[in-house]
Amino acid sequence: MKCSYNFSAGPAVLPKSVMLRAQAEMIDWHDSGLSVMEMSHRGKHYMSIFEKVESDFRSLFNVPKNYKVLFLQGGAIAQNSMVPLNLLNGKKANYVVSGYWSKRTYQDALPFGDMSIAASSESIGYGKAPDLNDWKIDPSASYVHFCSNETIHGVEYFDMPSIKTIPVVADMSSHILSRPVDISQFGVIYAGAQKNIGPAGLTIVIVRDDLLEVASPLTPSVFNWKTQAENQSMINTPTTYSIYMAGLVFEWLIELGGLSAIEKQNIKKAELLYNYIDSTDFYTNPIDIKNRSRMNVPFRIQNEDLHASFVTGAENLGMIGLKGHRLVGGIRASIYNAMPIEGIQVLVDYMKDFEKSH
Ligand SMILES: *Cc1c(COP(=O)(O)O)cnc(C)c1O
């Protein structure tokens, strides 16, 4: 088997042990005579899997009792429309723009009503996330939305907003479960699975109970949080296999010691890479130190002509997915929970060699 390190932004690396377990269970799950893929979502086998996935997620992420956890489809981008449909309630909403994804979320929301930008770092090229103190919150708005980790620009919020006047809605797609979060500071948290949770197809939405009462009557039932909450996310057939795989990832994280333990590893991994980038003029990362993402590390080579050969050389050594997003170019290493520190070491060693030979 070819050994590789996958630095893709998403769909992304999964823990080897999780995939081996999925492989072992694939054809006959726990002597049921069935693959999880073949199970009725309402049958006793699948319900036992599903209930454990939800309870493991709740304990891992410390989800308070007054929040529902929904297992939906449509990706994070579907939530760009579902958030206003479920929450706007005829009023206004505030959006913080800190990179590509939060800007796109704002743009997707525009047709739904009176949307305003509470803060933006677009004019400075997203080199730093708008400071929490500079967010202009309108207390009559229904919510304020932000993206807590910008996957393309590599900008992460480490302090989370603590706003009492209106609910905070967060797109955590690319760093959910990378560290503990105080969920009680949020009205809604959502994340597509394919970055830090499991295979694509699943979108997890965490929503505070009192926010389930104001959906627009135009909200499609599959995307109505309340309807889904009342039906165990099964108003339609859920992404059964993706949910099962996410459950294996949750078990892996719990065994590892939970989110404080994975956070320590993530800090070490990110430091290894950023410290090397900062130690040389050959590579640069443009993001303000206090917002540098632990999950997505974009960097450039001073001589921009070398990016393509850097990526090809890395691929030849088994390092996949290092090409920067087409919008920003350069190089990007996504180093999610499942990327072992050995992968970062191999990358840094390659970066050193590449620098020497160029
Ligand atoms: C990947 C990503 C998205 C888009 O996810 P889809 O599953 O394609 O809808 C949105 N927001 C962030 C922060 C992301 O990383």
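Preceding this section is the structure that the text describes.
Predicted model only: the values in this text are computed from it and were never measured.

Cut-offs and rules
Residues numbered from 1 in each chain as written. Predicted model: local features only at pLDDT ≥ 70, side-chain atom pairs only at ≥ 80, totals over all residues. Heavy atoms only, no water. Pairing = 2+ DSSP bridges. Helix = DSSP H or I, 4+ residues; strand = E, 2+ residues; numbered from the N terminus. Axes fitted to C-alpha atoms, helices over the stretch in contact; angles between N-to-C directions. Parallel < 35°, antiparallel > 145°, perpendicular 65-115°, else oblique. Left-handed = near helix turned anticlockwise from the far one by under 90°. Contact = heavy atoms within 4.5 Å. Nonpolar A, V, L, I, M, F, W, Y, C, P; charged D, E, K, R; others polar. Near = heavy atom within 4 Å. Polar contact = N/O pair within 3.5 Å; in protein donor to acceptor, adjacent residues only side chain to side chain. Areas by Shrake-Rupley, 256 points an atom, 1.4 Å probe, with all protein chains shown as cover.

Undergrad: Hey, could you run me through the sheet that holds strand E14 (residues 331-334) in this one?
TA: Within a sheet, each strand pairs with its neighbour through backbone hydrogen bonds, oriented either parallel or antiparallel. Overall, antiparallel pairing links the 3 strands, which are arranged E11-E12-E14 in an open sheet. Looking at strand neighbours, the two that pair on one side only are strand E11 (283-284) and E14, the edges of this open sheet. Where E11 and strand E12 (residues 296-301) come together, 2 bridges link them in antiparallel fashion. Residue Tyr-283 lies in a different strand from E12, and its bridge partner there is Ile-301.

Undergrad: Would you explain the packing of helix H1 (residues 16-25) against helix H6 (residues 240-256) in this entry?
TA: Any two packed helices are characterised by the angle at which their axes cross and by the distance between the axes. Relative orientation of the contacting elements H1 and H6 amounts to 130°, with a least axis distance of 9 Å. Between H1 and H6, the angle is such that the two are oblique. As H1 packs across H6, the resulting crossing turns out to be right-handed. Contact residues: H1 offers Ser-17, Val-18, Arg-21, Ala-22 and Glu-25, while H6 offers Tyr-241, Tyr-244, Met-245, Leu-248, Val-249, Glu-251 and Trp-252. For the contact of H1 with H6, the class distribution of residues is 8 nonpolar, 1 polar and 3 charged.

Undergrad: What is the right way to look at the site of the ligand in this model?
TA: Every residue near the ligand is listed here: Gly-75, Ala-76, Ile-77, Trp-101, Cys-147, Asn-149, Thr-151, Asp-171, Ser-173, Ser-174, Gln-194 and Lys-195. With respect to the ligand, the backbone of Ile-77 contributes an N or O atom lying 2.9 Å from an oxygen atom. With respect to the ligand, the side chain of Thr-151 contributes an N or O atom lying 2.4 Å from an oxygen atom. For the ligand, whose accessible area on its own is 380 Å², the fraction buried by protein is 85%. Grouping the constituent residues of the shell around the ligand by class yields 4 nonpolar, 6 polar and 2 charged.

On their own, these measurements won't tell you what the molecule is for.
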